[in-house]
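# Geometric and topological summary
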Amino acid sequence: MAEEKMKLTGSAKLGYGLGAVGKDMVYMLSASYILYYYQDIMGVEAWIMGVILLVARVFDAFNDPIMGVLVAKTKTRWGKFRPWLLIGTITNAIILYLMFACPPTLQGSGLVAYAAAFYIIWGVTYTMMDIPYWSMIPAFTEGGKEREGLTTLARSCAGVGSALISIFAILIVQALGKNIAGSDATAKMVEITGFKYLALIVAILFVVFIVITCITVKEKSSVDMKTATVGEMFKALIQNDQAMTVTVAIVLINCSIYITSNLVIYFFKYDFGGAGWRGDYTLFSTFGGGIQILAMMILYPVLRKFFTSLQIYFVS
């Protein structure tokens, strides 16, 4: 039987929001720069990176529901969600750093294997953290306005996290690379060094923010329910054409998101071009990131007074 829920505290809201900032900093660093890092900097062929990203997206479509089943079956003194949230965060942070710390001497099949292994493992560990993060909201909030308000806050904080990476990543990579690698380092070594230490900083912040989330957010209810096994889930997926349609849609949507987010930097580097392309890219990202944050924190709450979330979704 569910325990009575008390009103959500300010510290719990702040802690949960910080977790969203950290997780989307990690997500945006991978989503926007993984292709650029391994193709332009490390030298992996474009078609190979395309295959790696596609395989990872297909794998994610099946990985997400499996993780949902594992979380639903979890019972610990700390609840269902927080153990997976903490384990997933720590492992994902380590993999993120290693993914952007590829040894400069790696070449050929060794480089491809390194990129494929760490990118796919990164996706698995991100799911390990992301599923419980969003699934835990009903376990510590009341329904209605409180739950919707927290979800909106978390999405806004996630927008802040992704905007921080979009705006500052390239500038930080150049600054760190030049200071650590040295002024006489090649442009390639500057970027290799810069991305390595940017990933380290983001990974540390990610762990700190999620630890704050785990400390400030308490799971107040736990409702036991029958959950399907992984085998039953896949059998149902194969037999249910509607479920399979949703799975295919997830793959296509994820592919489109990754394609568009990865191509922005190429547009500025090769179409705008010139020595100042990084500044142009940063200016564009600053404007876009600012609009994104304002839309989530101001525009969406205003529209929500007149329309349902589903109506806003379809119009958008």
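Since the structure is predicted, the reported quantities are computational estimates derived from the model, not experimental observations.

### Examining the nonpolar core
Of all hydrophobic cores here, the largest spans 76 residues; its most connected members are Tyr16 and Tyr38. Sort the elements by how many residues they give to this core and helix H1 (residues 10–41) lands first, with 16 residues. Ignoring any residue separated from it by four or fewer positions in sequence, one finds Tyr38 in contact with Gly43, Val44, Met49, Met99, Cys102, Leu111, Tyr114 and Ala115.

### So, the packing of aromatic side chains
For the structure shown, the criterion picks out 23 aromatic pairs. Ring geometry for Tyr119 versus Trp122: centroids 6.3 Å apart, planes at 10 degrees, classification stacked. Note that Tyr119 and Trp122 are positioned in helix H4 (residues 108–135) at a spacing of 3 residues, about one turn of the helix. Take Trp122: its relative accessible area is 1%, and that puts it in the buried class. Geometrically, the ring pair formed by Tyr133 and Trp134 is edge-to-face, given 4.9 Å between the ring centres and 90 degrees between the ring planes. Here Tyr133 and Trp134 have matching classes, each one buried. Positioned above the aromatic ring of Trp134, the side-chain terminus of Arg155 is 3.8 Å from the ring centre.

### Quick notes on the packing of H1 against helix H3 (residues 82–99)
Where H1 contacts H3, the axes come no closer than 11 Å and their chain directions differ by 25 degrees. Here H1 is positioned roughly parallel relative to H3, judged by the angle of their axes. The chirality of how H1 crosses H3 is left-handed. For the pair H1 and H3, the contacting residues are Val26, Leu29, Ser30, Ile34, Tyr37 and Tyr38 in the first and Asn92, Leu96 and Met99 in the second. Across the contact of H1 with H3, the residue classes tally to 7 nonpolar, 2 polar and no charged.

### Focus: a nonpolar patch on the surface
On the surface, Phe287, Ile291, Leu294, Met297, Ile298, Val302, Phe306 and Phe307 cluster together to form a nonpolar patch covering roughly 850 Å² of accessible area. With respect to the secondary-structure elements, Phe307 resides in the loop between helix H10 (277–304) and helix H11 (309–315).

### Looking at the state of the cysteines
For the coordinates displayed, the defined rule picks out 0 disulfides. In this structure Cys214 is a free cysteine whose sulfur lies 16 Å from that of Cys157, the closest cysteine sulfur available. The class of Cys214 is buried, set by a relative accessible area of 11%.

Rules used in this analysis
- Residues numbered from 1 in each chain as written.
- Predicted model: local features only at pLDDT ≥ 70, side-chain atom pairs only at ≥ 80, totals over all residues.
- Heavy atoms only, no water.
- Core = buried A, V, L, I, M, F, W, Y, C linked by side-chain atoms within 4.5 Å.
- Buried < 20%, exposed > 50% of the residue type's maximum accessible area, 1.4 Å probe, protein only.
- Helix = DSSP H or I, 4+ residues; strand = E, 2+ residues; numbered from the N terminus.
- Contact = heavy atoms within 4.5 Å.
- Phe/Tyr/Trp six-rings, centres within 6.5 Å; stacked < 30°, edge-to-face > 60°.
- Lys NZ or Arg CZ within 6 Å of the ring centre and 35° of its normal.
- Axes fitted to C-alpha atoms, helices over the stretch in contact; angles between N-to-C directions.
- Parallel < 35°, antiparallel > 145°, perpendicular 65-115°, else oblique.
- Left-handed = near helix turned anticlockwise from the far one by under 90°.
- Nonpolar A, V, L, I, M, F, W, Y, C, P; charged D, E, K, R; others polar.
- Patch = residues over 30% accessible without salt bridge, like charges linked within 9 Å, V, L, I, M, F, W, Y side chains within 5 Å.
- Areas by Shrake-Rupley, 256 points an atom, 1.4 Å probe, with all protein chains shown as cover.
- Salt bridge = Lys/Arg side-chain N within 4 Å of Asp/Glu carboxyl O.
- Disulfide = S-S within 2.5 Å.

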